[in-house]
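Residues per chain are reported as follows:
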Amino acid sequence: MSHPRNPLLLAGAIFLALSVSSCAATSDASPQGPAPSSANTDSALPVNETTRALLPESIRTAGVLRVASDPTYAPFEYFDTDNKTMIGWDVDLTDAVGATLGLKVEHVPASFDTILPGLASGKYDMAASFFSVTPEREKIVDFVQYIKSGSGVAVLRGNPNQMTMDPMTMCGRRIAGQKGSIQSMEILPAFSTQCSEAGHQPIDVQNFPSQSDANLALVSGRIDGVVADSVTLAYQAKEANGKFELAAGEEYKPEPIGLALSKNSGLKTAVTEAVRDVINSNHYSTISEKWGVPKSVLVTADVLATK
């Protein structure tokens, strides 16, 4: 791929690479309810002194790991009923990573599109907001994978249009994606092109600023489906008391999801080993059960780079 010669174009390309996500940010999608209590995740992992020694001295001395997340994407990160305490799967995971490193985790709320630029500027130490690992992003930041997930399509209860993630079932339909997400910027436009090339009506792709806006449009009948991360859609459908559902079928193109780190942070090796400890512990499956995250999207420590 050729590089833009105009520095303004280059800056724009970098910002776009930072802002695209498989799930992106949501503004009002988070359920307002207490954390699930079906599983106990209170048992902190012990400090791994060997891993802790890999930390940059400045982080080890400070004793704090500042983790930025957009608290609008249940069940991975959202606000509890007090509207200020961040809870979710990513929160429990990063707390466990911090415990392994002997650090206190400070969860910092931020809007999705500002997180990676803030990370690059040193405002945060790490980002945990269900970021998909893409080649474009890997040019800008480092990632440590912790899960793998793909896209699904939410439909009205009973799936009246019999849609799946097969593009041909979406031709001529009004399908929504969240603005700035991979689904709205890449997947749905590509599906629509396939429809046209097959001689069918293109997909009427509609973009919404938040996941909750798209879900509301689906429930009110203004669109026929919503394409987003399958795990999140399944969780949000459950929270919506069955007004919509995740269509049956395999998720589309599962991809790595990772913790993001500035390339200049010196944290990648330590965080990689800490994530390895978490994945190899019972904590990993326990928090997944707690938040309703299916085993099918969990990974083994084999996906992590070795020292």
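Peer 1: Please clarify how the nonpolar core should be interpreted in this entry.
Peer 2: Most often, soluble globular proteins have nonpolar side chains that are buried together. Of all hydrophobic cores here, the largest spans 56 residues; its most connected members are Trp89, Tyr146, Ile147 and Val275. The greatest single-element share of this core, amounting to 6 residues, is contributed by helix H10 (residues 268-279). Setting aside anything within four residues of it in sequence, one finds Val275 in contact with Val97, Val144, Gln145, Tyr146, Leu259 and Leu304. Core analysis: the second largest hydrophobic core is formed by 15 residues, Met163, Ile175, Phe191 and Cys195 among them.

Peer 1: Explain the side chain of Thr272 here, please?
Peer 2: In this fold, Thr272 is placed in helix H10. Taking the relative accessible area as the measure of exposure, Thr272 reaches 7% and is therefore buried. Reaching out from Thr272, the side chain makes a polar contact with the backbone oxygen of Lys268 at a distance of 2.7 Å. Apart from the residues lying within four places of it in its own chain, the contact partners of Thr272 are Val144, Leu304 and Ala305.

Peer 1: In this structure, what is going on with the packing of helix H4 (residues 89-101) against H10? I would like to understand it.
Peer 2: Helix-helix packing is characterised by the crossing angle of the two axes and by the distance between the axes. At a minimum axis distance of 9 Å, the contact between H4 and H10 shows a crossing angle of 110 degrees. Viewed along their axes, H4 and H10 adopt a mutual orientation that is roughly perpendicular. Like other packed secondary-structure pairs, H4 and H10 cross with a definite hand, here right-handed. The residues of H10 that touch H4, namely those facing Leu93, Ala96, Val97, Thr100 and Leu101, are Ala270, Ala274, Val275, Asp277 and Val278. Partitioning the contact of H4 with H10 into residue classes produces 8 nonpolar, 1 polar and 1 charged.

Definitions and limits used
Residue numbering note: each chain is counted from 1, following its sequence as written. The predicted nature of this model means local features are confined to residues of pLDDT at least 70 and side-chain atom pairs, given and counted, to a pLDDT of 80 or more, with totals for whole chains, interfaces and linings taken over all residues. By convention in this description, side-chain values take in all heavy atoms of the structure and omit both hydrogens and water. Nonpolar core, defined: a set of buried Ala, Val, Leu, Ile, Met, Phe, Trp, Tyr and Cys residues in which side-chain atoms within 4.5 Å join the residues together. Each residue is placed in one exposure class: buried if its accessible area under a 1.4 Å probe, protein chains only, is under 20% of its type's maximum, exposed if it is over 50%, and partly exposed if it falls in between. Helix and strand labels come from DSSP, where a helix needs a run of H or I of at least four residues and a strand needs a run of E of at least two; each type is numbered from the N terminus. Here, two residues are considered to be in contact whenever any of their heavy atoms come within 4.5 Å of each other. In protein, a polar contact requires one atom able to donate a hydrogen and another able to accept it; more generally it is a pair of N or O atoms within 3.5 Å, and residues adjacent in sequence count only if both atoms are side-chain atoms. Here an angle of 0 to 180 degrees is reported between the N-to-C directions of two axes, which are lines fitted to C-alpha atoms, with helices fitted over the stretch in contact. Angles below 35 degrees are treated as roughly parallel, those above 145 as roughly antiparallel, those between 65 and 115 as roughly perpendicular, and all remaining angles as oblique. Crossing handedness is read from the near helix: turned anticlockwise from the far helix by less than a right angle, it gives a left-handed crossing, and turned clockwise, a right-handed one. As a working rule, the residues Ala, Val, Leu, Ile, Met, Phe, Trp, Tyr, Cys and Pro are called nonpolar, Asp, Glu, Lys and Arg charged, and the rest polar, with Gly in that last group.

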